[in-house]
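This is what each chain is made of:
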Amino acid sequence: MTAVCPDCGRSGEPLDRFCGACGAKLGEQSHDEPTDAFDPVEELPHGDDRERFPTECGLFVVESGPMAGSRYGLEAVVTSVGRHGKAGILLDDVTVSRRHAVVERIGDRYVASDVGSLNGTWLNGKRIDSAELNDGDELQVGRFKLMFFHGTAG
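Residue positions are given per chain, counting from 1 as you read along its sequence in written order. Selection of residues for local features in this predicted model requires a pLDDT of at least 70, selection of side-chain atom pairs for listing and counting requires 80 or more, and totals for whole chains, interfaces and linings are taken over all residues. Note that water and hydrogens are dropped before the side-chain values are worked out from all heavy atoms of the structure.

**A short note on the nonpolar core**
Line of reasoning, step 1. Phe 60, Leu 91, Val 103 and Leu 133 are the most contacted members of the largest nonpolar core, which has 21 residues in total.
Line of reasoning, step 2. Breaking this core down by element, the ones donating at least two residues are β3 (58-64), β4 (71-74), β7 (101-106), β8 (109-114), β11 (130-133), β12 (138-141) and β13 (144-150).
Line of reasoning, step 3. Under the DSSP-based scheme used, a helix requires at least four consecutive residues in state H or I and a strand at least two consecutive residues in state E, with every element numbered from the N terminus. In terms of residue count, the dominant contributor to this core is β13 (three residues).
Line of reasoning, step 4. Note on contacts: a residue pair qualifies if any of its non-hydrogen atoms lie within 4.5 Å across the two residues. Setting aside its immediate chain neighbours within four residues, Phe 60 contacts Ser 70, Arg 71, Tyr 72, Leu 74, Ile 89, Val 103, Leu 133, Leu 139, Leu 146, Met 147 and Phe 148. Note on terminology: a nonpolar core comprises buried Ala, Val, Leu, Ile, Met, Phe, Trp, Tyr and Cys residues joined through side-chain atoms within 4.5 Å. The classification of residues rests on relative accessible area computed with a 1.4 Å probe and restricted to protein chains. Under 20% of the type maximum is buried, over 50% is exposed, and intermediate values are partly exposed.

**Brief notes about the environment of Ile 128**
Line of reasoning, step 1. Assignment of secondary structure puts Ile 128 in strand β10 (residues 126-128).
Line of reasoning, step 2. Using a relative accessible area of 12% as the deciding quantity, one classes Ile 128 as buried.
Line of reasoning, step 3. In this structure, the C-alpha to C-alpha distance between Ile 128 and Ala 112, residues 16 residues apart in sequence, is 8.6 Å.
Line of reasoning, step 4. With near-sequence residues (within four places) excluded, Ile 128 lies in contact with Ala 112, Asp 114, Thr 121, Leu 123 and Leu 139.

**Observations concerning the pattern of salt bridges**
Line of reasoning, step 1. The salt bridge definition used is simple: a Lys or Arg side-chain nitrogen within 4 Å of an Asp or Glu carboxyl oxygen. Inspection of every chain in the model, using the stated rule, returns two salt bridges.
Line of reasoning, step 2. For Asp 93, the salt bridge is made with Arg 143, and the minimal N-O distance between the two is 3.2 Å. In this pair, Asp 93 is assigned in the loop between β6 (89-90) and β7 and Arg 143 in the loop between β12 and β13, connecting sequence segments 50 residues apart.
Line of reasoning, step 3. Take Asp 93: its relative accessible area is 11%, and that puts it in the buried class.
Line of reasoning, step 4. Since its relative accessible area comes to 32%, Arg 143 is described here as partly exposed.
Line of reasoning, step 5. Here Glu 132 makes a salt bridge to Arg 109, at a shortest N to O gap of 3.0 Å. Residue Glu 132 is located in strand β11, and its partner Arg 109 is located in strand β8; the two are separated by 23 residues in the primary sequence.
Line of reasoning, step 6. For Glu 132, a relative accessible area of 35% puts it in the partly exposed group.

**Quick look at unusual backbone geometry**
Line of reasoning, step 1. One non-glycine residue with positive phi stands out, namely Asn 124, at about 50°.
Line of reasoning, step 2. Assignment of secondary structure puts Asn 124 in the loop between β9 (121-123) and β10.
Line of reasoning, step 3. Given a relative accessible area of 23%, Asn 124 falls into the partly exposed group.

Following this line, the structure appears as structure tokens:
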């Protein structure tokens, strides 16, 4: 059974969550991993990932999407996220805008902001314009789910 876009009518793959032609979110579908659900993390996972970066550094681990398992240290003051070739975190997928979001380091805090993306930026299942990241938060950019870990936690 193929997925059909409600906006443009294009047919896609059964597990597609966004239309490959126009980027619209596809209708409610049965998936093993629902897009809008967020389960809080009870324990601090990815201890080995945390050890790879300085203790004061934030870290993203791609939990789902085409690049699952990738790790990104947030060592710069501002890290861009998008499909643009010079993005600090390059997520090459049609569901991601060229300049989708930025993560700004302010002292020991990290703030994620949407920069006018088509599909929005989601934090723990809620669409955001700008929000502070906390250890264990899930940032969703297009099809990608990035778990945020702050090096000082744990």
